[in-house]
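Summary of the model geometry
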Amino acid sequence: MKYYMYIGGQQQGPYDESELLSHGLNASTNVWREGMTDWQLAGQVPELSYLFAAPAGQPYSPQQPSYQQPSPGYAGFPSQPMPDNYLVWAILVTLFCCLPFGIVSIVKASQVSSLYRGGDYQGAVAASESAKKWAIIGAVCGFLLGGVYAAIASNAGM
C-alpha cells in the first residue's frame with residue numbers, strides 16, 4: 001500500500017510501507033493513503049503500528065524524548081566556566097591596527113571554544129591567554145606605527 005507523508009510543510013510520496021521510516025516517518029508524522037478520509041498521525045494508523053512497536057515489556061509512548069543540556073561536572077565537561085576568547089578584540093585589532101598580529105589573535109580566539117568543549121580546559125585557557133597577548137601586541141604595534149607615520153607626515157609637511 002502506498003502512503004503520502006506531510007513533513008516540513010510539504011507533502012511527500014507516495015512511498016511503500018517499507019520505505020516510510022527511511023524517509024523520516026515517526027509516530028507524529030501525518031500520513032494519508034487512498035481509502036482514508038483525512039490525514040492521520042502515523043502512530044494512530046493501525047496498519048502502521050508495527051513500525052512503532054516498543055521492545056518487549058515496554059509500552060509504546062508516542063511522545064518525543066526530552067533532551068537536556070549536560071550539567072557542568074559530568075565526565076568530559078569542565079566544571080570551570082569557559083575562558084574569554086577575546087574574539088571581538090582580535091577582530092578589531094585586525095581591522096584597525098595590525099593585520100598579521102590580529103590574524104594570529106583570531107586563530108587563537110577561535111580555538112578556545114573547541115578546546116573547552118572537547119574537555120581540554122587548560123588548552124582553552126592557554127589559547128585564551130594567547131589570543132589576548134596577540135591582540136595587545138597588535139594594538140600596541142598599530143598605535144606605535146600610527147604615531148611614527150603621523151610624525152613623519154607632519155615633518156614632511158613643514
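Okay, so let's go over this structure. Treat the numbers as computed from the prediction; the structure is a model and nothing was measured.

Criteria and thresholds
- All residue numbers refer to position in the chain's written sequence, counted from 1.
- The predicted nature of this model means local features are confined to residues of pLDDT at least 70 and side-chain atom pairs, given and counted, to a pLDDT of 80 or more, with totals for whole chains, interfaces and linings taken over all residues.
- Side-chain calculation: all heavy atoms of the structure are included, whereas hydrogens and water are not.
- Numbering goes from the N terminus for both helices and strands, where a helix is a DSSP run of H or I of at least four residues and a strand is a run of E of at least two.
- Exposure classes here rest on a 1.4 Å probe applied to the protein chains alone. A residue is buried below 20% of its type maximum, exposed above 50%, and partly exposed in between.
- To be clear on the numbers: accessible area is Shrake-Rupley with a 1.4 Å probe, and residue cover counts the displayed protein chains and nothing else.
- Note: two strands are recorded as paired if DSSP finds a minimum of 2 bridges between them.
- Pairing of aromatic side chains here covers Phe, Tyr and the six-membered ring of Trp, requires ring centres within 6.5 Å, and sorts the geometry by plane angle: under 30 degrees stacked, over 60 edge-to-face, intermediate tilted.
- Definition used in this section: a nonpolar core is a set of buried Ala, Val, Leu, Ile, Met, Phe, Trp, Tyr and Cys residues joined via side-chain atoms within 4.5 Å.
- The contact definition used throughout considers only heavy atoms, calling two residues in contact when any of these lie within 4.5 Å.
- A pairing counts as a salt bridge when a side-chain nitrogen of Lys or Arg comes within 4 Å of a carboxyl oxygen of Asp or Glu.
- To be clear, the arc concerns the directions from the helix axis to the C-beta atoms.
- Note that patches include only residues with greater than 30% relative accessible area and no salt bridge, and the join distances are 9 Å for like charges and 5 Å for nonpolar side chains (Val, Leu, Ile, Met, Phe, Trp, Tyr).

Comments concerning the overall build of the protein
Counting its secondary structure elements, the protein contains 3 helices and 4 strands. In sequence order, the secondary structure elements of the protein are arranged as β-β-β-β-α-α-α. When the 158 residues of the protein are sorted by exposure, 25% land in the buried category. Of the accessible surface of the protein, which amounts to about 10700 Å², a share of 60% is contributed by carbon and sulfur atoms.

Observations concerning the pairing of strand 2 (residues 10–16)
Here 5 bridges tie strand 1 (residues 2–7) to strand 2, and the two strands are oriented antiparallel to one another. Counterpart to Tyr6 in the pairing with strand 2 is Gln11.

Regarding the packing of aromatic side chains
On inspection of all chains with the given rule, the structure shows 4 aromatic pairs. Ring plane angle 65 degrees and centroid distance 6.3 Å describe the contact between Tyr116 and Tyr121, whose orientation is recorded as edge-to-face. Across this residue pair, the class does not change: Tyr116 and Tyr121 are buried.

Here we look at the environment of Val107
Here Val107 shows up in helix 2 (residues 99–117). Along the sequence, Val107 and Ser130 sit 23 residues apart, while their C-alpha atoms lie 9.7 Å from each other.

Let's talk about the nonpolar core
With 13 residues, the main nonpolar core has Leu20, Leu25, Val31, Leu48 and Phe52 as its most contacted residues. Ignoring anything within four residues of it in the chain, the contact list for Leu48 reads Tyr3, Glu17, Leu20, Val31 and Ala42.

Here's the deal with the pattern of salt bridges
A side chain with one charge may pair with a side chain of the opposite charge, provided their charged atoms come close. Within this structure, the stated rule accounts for 2 salt bridges. Of the charged contacts, one joins Asp16 and Lys2 as a salt bridge, the two residues approaching to 3.5 Å between their closest N and O atoms. Within this pair, whereas Asp16 is found in strand 2, its partner Lys2 is found in strand 1, the two being separated by 14 residues in sequence. Of the charged contacts in the structure, one is a salt bridge between Glu47 and Arg33, with a shortest N-O distance of 3.0 Å. Taken together, the positions of Glu47 in the loop between strand 4 (40–41) and helix 1 (87–96) and Arg33 in the loop between strand 3 (30–32) and strand 4 put the pair 14 residues apart, joining distant regions of the chain. Residue class for Glu47 comes out partly exposed when judged on its relative accessible area of 33%.

Brief notes about helix 1
Every buried residue belonging to helix 1 is among Ala90, Val93 and Thr94, and all of these are buried. Projected onto a plane normal to the axis of helix 1, the buried residues spread over an arc of 100 degrees and lie on a single side. In helix 1, the exposed residues that point more than 90 degrees away from the buried face are Val88, Trp89, Leu95 and Phe96. Contact partners of the buried residues in helix 1: helix 2 and helix 3 (121–157).

Things to note about the sheet that holds strand 4
Read from one edge of the open sheet, 4 strands run 2-1-3-4, paired in antiparallel fashion. Two strands bound the open sheet, and with one partner strand each, they are strand 2 and strand 4. Relative to strand 3, strand 1 runs antiparallel, the two sharing 3 bridges. Paired with Tyr4 across the strands is Trp32, a residue of strand 3.

Brief notes about a nonpolar patch on the surface
Taken together, Val88, Trp89, Ile91, Leu92, Leu95 and Phe96 make up a surface patch of nonpolar side chains, about 680 Å² in accessible area. In this structure, Trp89 sits in helix 1.

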